[in-house]
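# An overview of the molecular structure
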6 protein chains.
Amino acid sequence: MTQLGIVKRNIKRADRAAVERLAAFGVATTHEAMGRVGLMKPYMRPIYAGAQVSGTAVTVLLHPGDNWMMHVVAEQIQPGDVVIAALSADCTDGFFGDLLATSFMARGARALIIDAGVRDVKTLTEMQFPVWSKCISAKGTIKATLGSVNIPVVCAGALVNPGDAIVADDDGVVVVPADWAHKTAEAAAAREANEGDKRAKLASGVLGLDMYKMREPLEKAGLKYVD
Amino acid sequence: MTQLGIVKRNIKRADRAAVERLAAFGVATTHEAMGRVGLMKPYMRPIYAGAQVSGTAVTVLLHPGDNWMMHVVAEQIQPGDVVIAALSADCTDGFFGDLLATSFMARGARALIIDAGVRDVKTLTEMQFPVWSKCISAKGTIKATLGSVNIPVVCAGALVNPGDAIVADDDGVVVVPADWAHKTAEAAAAREANEGDKRAKLASGVLGLDMYKMREPLEKAGLKYVD
Amino acid sequence: MTQLGIVKRNIKRADRAAVERLAAFGVATTHEAMGRVGLMKPYMRPIYAGAQVSGTAVTVLLHPGDNWMMHVVAEQIQPGDVVIAALSADCTDGFFGDLLATSFMARGARALIIDAGVRDVKTLTEMQFPVWSKCISAKGTIKATLGSVNIPVVCAGALVNPGDAIVADDDGVVVVPADWAHKTAEAAAAREANEGDKRAKLASGVLGLDMYKMREPLEKAGLKYVD
Amino acid sequence: MTQLGIVKRNIKRADRAAVERLAAFGVATTHEAMGRVGLMKPYMRPIYAGAQVSGTAVTVLLHPGDNWMMHVVAEQIQPGDVVIAALSADCTDGFFGDLLATSFMARGARALIIDAGVRDVKTLTEMQFPVWSKCISAKGTIKATLGSVNIPVVCAGALVNPGDAIVADDDGVVVVPADWAHKTAEAAAAREANEGDKRAKLASGVLGLDMYKMREPLEKAGLKYVD
Amino acid sequence: MTQLGIVKRNIKRADRAAVERLAAFGVATTHEAMGRVGLMKPYMRPIYAGAQVSGTAVTVLLHPGDNWMMHVVAEQIQPGDVVIAALSADCTDGFFGDLLATSFMARGARALIIDAGVRDVKTLTEMQFPVWSKCISAKGTIKATLGSVNIPVVCAGALVNPGDAIVADDDGVVVVPADWAHKTAEAAAAREANEGDKRAKLASGVLGLDMYKMREPLEKAGLKYVD
Amino acid sequence: MTQLGIVKRNIKRADRAAVERLAAFGVATTHEAMGRVGLMKPYMRPIYAGAQVSGTAVTVLLHPGDNWMMHVVAEQIQPGDVVIAALSADCTDGFFGDLLATSFMARGARALIIDAGVRDVKTLTEMQFPVWSKCISAKGTIKATLGSVNIPVVCAGALVNPGDAIVADDDGVVVVPADWAHKTAEAAAAREANEGDKRAKLASGVLGLDMYKMREPLEKAGLKYVD
């Protein structure tokens, strides 16, 4: 549960090596490897196509229309972190632009994931600072109300604890609990191991029906072919 | 984080007396008393107006189109519980109808809170079994995939741990962490203590501007009156 | 596929007796009896609670902002019909109000199902003419463009052929193809036959887990109970 | 265009007698009488069914998450006014509850129209203070930022100038410019004059096709009847 | 109407030559040529810009969260086909990724149109396999429930019969009934014939008001010019 | 308030020089400089990324499904204008395509802002005629109903008077009242003056907490750092 006005400085980050490996697998494979949980809602979209990153979560809880805590969370960023910004209620304002991005990049942040809006997206794209957000909005914010930093938050429908591993690409954003990072990377690697082989078979015209031996279970389930 | 295929039988429920008190305060007061966190998204609506309940959460994580675990969670209900049903991905199917409601009532459940659809709402209304849901849908579900029971879940944007206190009324649904239930009830009672007095003043024509002494801070903030 | 500017006068209506029986089963049971197809999207809501009707479809295809064809379809209504109004593109205007309802009732229509808006809902409620619609809007329409009457239409995601059986209640709207009406009514009756028995068992505290013999398949699927 | 931090005290209200007449015609007729403009978006819904009101607009521009100005606008209410609350950006928070309603009623307000959320809807219903809103939410707000009172605002897609006539019922909300109130009431009266006659004809089975003489223009437009 | 668990192997495909012609006209012109029907809802978007294709429909009806039938439909693909995937209820899961795309391409499919989510969009873009979908989601699916292949389906609000011609580009997706393909191509060609001429005139500064001779009808309709 | 069937020929356009300056500042800075008002809803998106324009508004009010007035507004365009198209009710149809764009460009229009759909987006992109719209749709429209030109309109939630300055870029669209254009440009210039300096500091690792001297007010507000 959240507590307001708290900044937690020391958090336990997921194993760096495991987190690094996850970036290469991408979101879909990581999500499958975890057992199909931890995905943010599909309305979270990258501001530009092609970015694929992983990192450790530093979290911030914001209130609608107020981005004061974005400056507070900036100080807590360590190289390799991804900032996860959650909102206490739905809001489409633009909480983040090129100046904050400059600061986040200087601190070593790899990305921002925000369940609200961002702005200056043209400049952010030129800077190649990737952001996944609910929307894009030029609407600025005030600095009047305390939220919290590095508490557990719900962002776009997913629970994020500070230090969790985050993977984001064009397919969306997935959250891997810190102590699952290693085994998830292992499971993802196992999944990928025979993907090349499968792809080659399918490309040669072999059907999934045969490759996955689905014909019998489909028939048992009652599938009928008619002309 | 979630684990699939797990049913946790022993959970620590919030203090019963504190939970009972919260029903009378309702959602808006409880939410204010907590510091304005823990509210589910406003798309969660009651199937009929007027119900106002509190209870302790038993949680269930469902997959789209599959309500198998609703039968599993039924067995874990104790009198005074509220069932919180979360989904692993957005779905509008009707996961719950009059037969399950009969079973839930027999177990002592006070309400269902579900981030998806329900059906048989006419009968549920006649039975006076209150449900807060994302939508109403006659679409039935299958029983093929395991979810989990009594794990932490994210329901309509709010984190719910098994045993948390839940308050629901026409204004929505709020989650009070189990160990906050007592102090939240105290804070809510304090808020309500002078509400009658305030209401009487306002009804007599006294303005909030004067009652809350807002004129000076408004002037300081730069408010200008013009003709 | 649609053709514009056509009014088909002679349509083959579903068997009257079968259609009458479906009203009593309601939407959820009818939908299950059909094999879970034919349901309109859950955004279709009744303008007042409690109506439960069945009837044979007369269809009309409207264009955004234009209700001219509502007067054309009125003439094709026979007692026991339900009018299904589809739109060629999304629109929230109010295509139907108390005057048209007076006319539809005089022709023997049992309800209107419209994938757009209606107005005069207070009067419609007083008249007890049930309408299921996408929204409520006072926005009126013009009479300038031809649509068609009694052609196949897609209404709220469901294909409706003229003469199909329609069932609508607080859970939504379902479409039963005309030549399925009898067997669907039979299947629905079979489903309901033992519902009372099931309900009594569940009310006495028997769990669905036992009544439906789910414990073994759940265990086989890997469900684990922990303390 | 808006200016922030301004409260305009003297506004020119629409003619009282004309405004009173509009309540009886309701939203759909008023909107038609005006030439089909001025309607708020159909997402604006009453918190309870059956209220039908008219009044003169006092306007307030709020910022997301901040209801400070609601107390400022309360002082500007005169008997017969309707408060129109617009937002500078989308927000679903509950800006208004039973205490503010008590104050508004004491000042003579007839209704609140708000392009955001309200709370305490059960109590508001008991008090019979009608509210049309975008949603219902228990989420409270802070008091930190200036908006303005009695400036032109855009509320739910409609431009409202202070003093405009507002009509609201179960079909929605319509805005009548102050200097149009009289002629709109006249036009609405003219529309209603022969409605009873039309209704009687339609109830007797006369078709709109004949009553409105549509058969010829439909044929000219190319309508074909087929069997 | 749909039947579950059926795979129809022999379908009558629209005339190949006519289908090929339609690709060049694109969706807007094809849709106009048909009389403005058959368009899918505008929420259907391409995963990358610039693709413009036509093909013959093979259809598949899927259930939420279950992509088993995607493997069944793969076997029914013939070169020049476009797969149309409909859902029995709304779902945002990612039913299709790079492996299925490899298989579909090997079978000669030109595109996938799916009223749900897809994943691996970065790889799909590299493969240049075009997909039009409701959303993008990394959420995987199970293989447990039968749907059907090559039955009539409703996809994104449009009825699609197996064998229909499909045209898709950056403007959306349109369905041309198989036996309309030839005449639609003719009508589209006629529309395009004088487009170049019109464009040249408009580019030279001639107004549509004059080119289309609208001034008189506008004046008759009551248009007034004021200074 | 709107009047239908009116074309106002002489409008007072915002100062050209001021309008030109605003393009360079972009939407976010302009919006801040104005005091955070006048922004259109964030659902307004450019059909291609990278365009950044300013211009003076010529306005048109359209009805759902009818683009007749687009030809009327074309004649009122002067070089440097931006066309603002508002709708009298929500509609997703494609009101504008490559032919109209050719005409608008020939008249000197810089962009179209439309609270509905557009089509031919591939061609519009090749022509580099920028459009901000609610959606993309191939659905065409008819020419049957009068709207108005150069009246005040509400477009995507923002009031636009003819002659106002419009700024649009990847962040959205903002409306600057004509007589505010000069002072807004001045204020925007002032805001930008020290942005480079701020960016350099932040890039060097200075925190916003220190640069903006936020540590003390945060502490006063009650912020607590914990380990």
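Residues numbered from 1 in each chain as written. Chains lettered and ligands numbered in written order. Predicted model: local features only at pLDDT ≥ 70, side-chain atom pairs only at ≥ 80, totals over all residues. Heavy atoms only, no water.

This next bit is on the overall build of chain A. When you go through chain A residue by residue, the secondary structure sums to eight helices and twelve strands. Carbon and sulfur atoms form 51% of the exposed surface of chain A, whose accessible area is close to 7500 Å². If the 25 positive side-chain charges of chain A are averaged to one point and the 25 negative ones to another, these points end up 3 Å apart. (Helix = DSSP H or I, 4+ residues; strand = E, 2+ residues; numbered from the N terminus. Areas by Shrake-Rupley, 256 points an atom, 1.4 Å probe, with all protein chains shown as cover. Lys, Arg positive; Asp, Glu negative; His and termini not counted. Charge placed at Lys NZ, Arg CZ, Asp CG, Glu CD.)

Let's shift gears to the packing of aromatic side chains. Scanning the model with the defined rule gives twelve aromatic pairs over all chains in all. Connected via pairs of aromatic rings, a cluster forms that spans Phe 96, Phe 104 and Phe 129 of chain A. Residue placement shows Lys 183 of chain B over the ring face of Trp 180 of chain B; its charged tip is 4.9 Å from the ring centre. (Phe/Tyr/Trp six-rings, centres within 6.5 Å; stacked < 30°, edge-to-face > 60°. Lys NZ or Arg CZ within 6 Å of the ring centre and 35° of its normal.)

Right, let's talk about the relation of the copies chain B and chain C for a bit. Between the two copies, chain B and chain C, the superposition gives an RMSD of 0.0 Å; the rotation angle is 120° and the shift along the axis is 0.0 Å. Those values place the two copies in the arrangement expected of a three-fold rotation axis. (Least-squares fit on C-alpha atoms with pLDDT ≥ 70 in both.)

Turning our eyes to something else, we now look at unusual backbone geometry. Residues other than glycine predominantly adopt negative phi, and peptide bonds predominantly adopt the trans conformation. Even without a glycine there, the phi angle at Arg 36 of chain A is positive, about 65°. Locating Arg 36 of chain A in the fold gives a position in the loop between helix H1 (16–34) and strand E2 (45–46). On the accessibility criterion, Arg 36 of chain A (22% relative accessible area) is partly exposed. For Gln 128 of chain C, which is not a glycine, the phi torsion comes out positive at approximately 55°. (Buried < 20%, exposed > 50% of the residue type's maximum accessible area, 1.4 Å probe, protein only.)

Counting across every chain of the model gives five cavities of 30 Å³ or more. If you add up the space inside the largest cavity, you get close to 50 Å³. Taken together, Ile 136, Ser 137 and Ala 138 of chain B together with Leu 39, Met 40, Lys 41, Pro 42, Met 44, Arg 45, Asp 171, Gly 172 and Val 173 of chain C make up the lining of the largest cavity. Of the residues that constitute the lining of the largest cavity, the class distribution is seven nonpolar, two polar and three charged. (1 Å grid on protein atoms, 1.4 Å probe; cavity = no way out; pocket = protein on both sides within 12 Å on 5 of 7 lines; lining within 4 Å. Points joined across faces, edges and corners; volume = space filled by probe spheres on them. Nonpolar A, V, L, I, M, F, W, Y, C, P; charged D, E, K, R; others polar.)

Time to look at the interface of chain A and chain F. The interface is formed by 34 residues belonging to chain A together with 34 residues belonging to chain F. Between chain A and chain F the total buried area reaches about 3100 Å² when both faces are included, carbon and sulfur atoms providing 61% of it. Where chain A touches chain F, the interface holds four salt bridges. One can count 14 residue pairs in polar contact (both at pLDDT 80 or more) joining chain A with chain F. Taken together, the elements giving at least two residues each to the side of chain A that touches chain F come down to strand E1 (6–8), helix H2 (68–76), helix H3 (98–107) and helix H4 (121–127) of chain A. Looking at the side of chain A that touches chain F element by element, the count peaks at seven residues for H2 of chain A. Looking at the side of chain A that touches chain F residue by residue, the classes come out as 13 nonpolar, eleven polar and ten charged. By the bridge criterion, three bridges tie E1 of chain A to strand E12 (residues 224–226) of chain F in an arrangement that is parallel. Residue Lys 8 of chain A lies in a different strand from E12 of chain F, and its bridge partner there is Val 226 of chain F. (Contact = heavy atoms within 4.5 Å. Buried area = accessible area lost by both parts, 1.4 Å probe. Salt bridge = Lys/Arg side-chain N within 4 Å of Asp/Glu carboxyl O. Polar contact = N/O pair within 3.5 Å; in protein donor to acceptor, adjacent residues only side chain to side chain. Pairing = 2+ DSSP bridges.)

Before going further, it helps to spend a moment on the environment of Ser 103 of chain E. In this fold, Ser 103 of chain E is placed in helix H3 (residues 98–107). Counting along the chain gives 33 residues from Ser 103 of chain E to Met 70 of chain E, while the straight-line C-alpha distance between them is 10 Å. Non-local contacts of Ser 103 of chain E, meaning those with residues more than four positions away in its chain, are made with Leu 202 and Val 206 of chain A together with Ala 74 of chain E.

Our next topic: the packing of helix H1 (residues 16–34) of chain B against helix H5 (residues 181–193) of chain B. Residue and element names in this part refer to chain B. Running from N to C, H1 and H5 point in directions that differ by 70°, and their axes come no closer than 8 Å. One finds that H1 runs roughly perpendicular with respect to H5. Contacts between H1 and H5 involve Ala 18, Arg 21, Leu 22, Phe 25, Thr 29, Thr 30, Glu 32, Ala 33 and Met 34 on the former and, on the latter, Ala 181, His 182, Thr 184, Ala 185, Glu 186, Ala 187, Ala 188, Ala 189, Arg 191 and Glu 192. Tallied by class, residues from the contact of H1 with H5 come to ten nonpolar, four polar and five charged. (Axes fitted to C-alpha atoms, helices over the stretch in contact; angles between N-to-C directions. Parallel < 35°, antiparallel > 145°, perpendicular 65-115°, else oblique.)

Residues with a pLDDT of 70 or more make up 99% of chain A, whose mean pLDDT is 95. Taken over the whole predicted complex, pTM reads 0.95, whereas the ipTM for its chain interfaces reads 0.94. (pLDDT = per-residue confidence, 0-100.)

Contact between chain A and chain C is absent, and the least distance between their C-alpha atoms amounts to 14 Å. At no point do chain B and chain F touch; the closest pair of C-alpha atoms across them sits 14 Å apart.

Residues and elements named next belong to chain A. With 13 residues, helix H5 (residues 181–193) ought to run about 18 Å at 1.5 Å a step, and its terminal C-alpha atoms sit 18 Å apart, in line with that. Listed as buried for H5 are Ala 181, Thr 184, Ala 185 and Ala 188. Take H5 and look down its axis: the buried residues cluster within an arc of 100°, on one side only. In H5, those exposed residues whose orientation departs by more than 90 degrees from the buried face are Lys 183, Ala 190 and Ala 193. Residues of H5 that are buried sit in contact with H1, strand E10 (165–169) and strand E11 (172–176). (Expected span 1.5 Å × (residues − 1). Arc of directions from axis to C-beta.)

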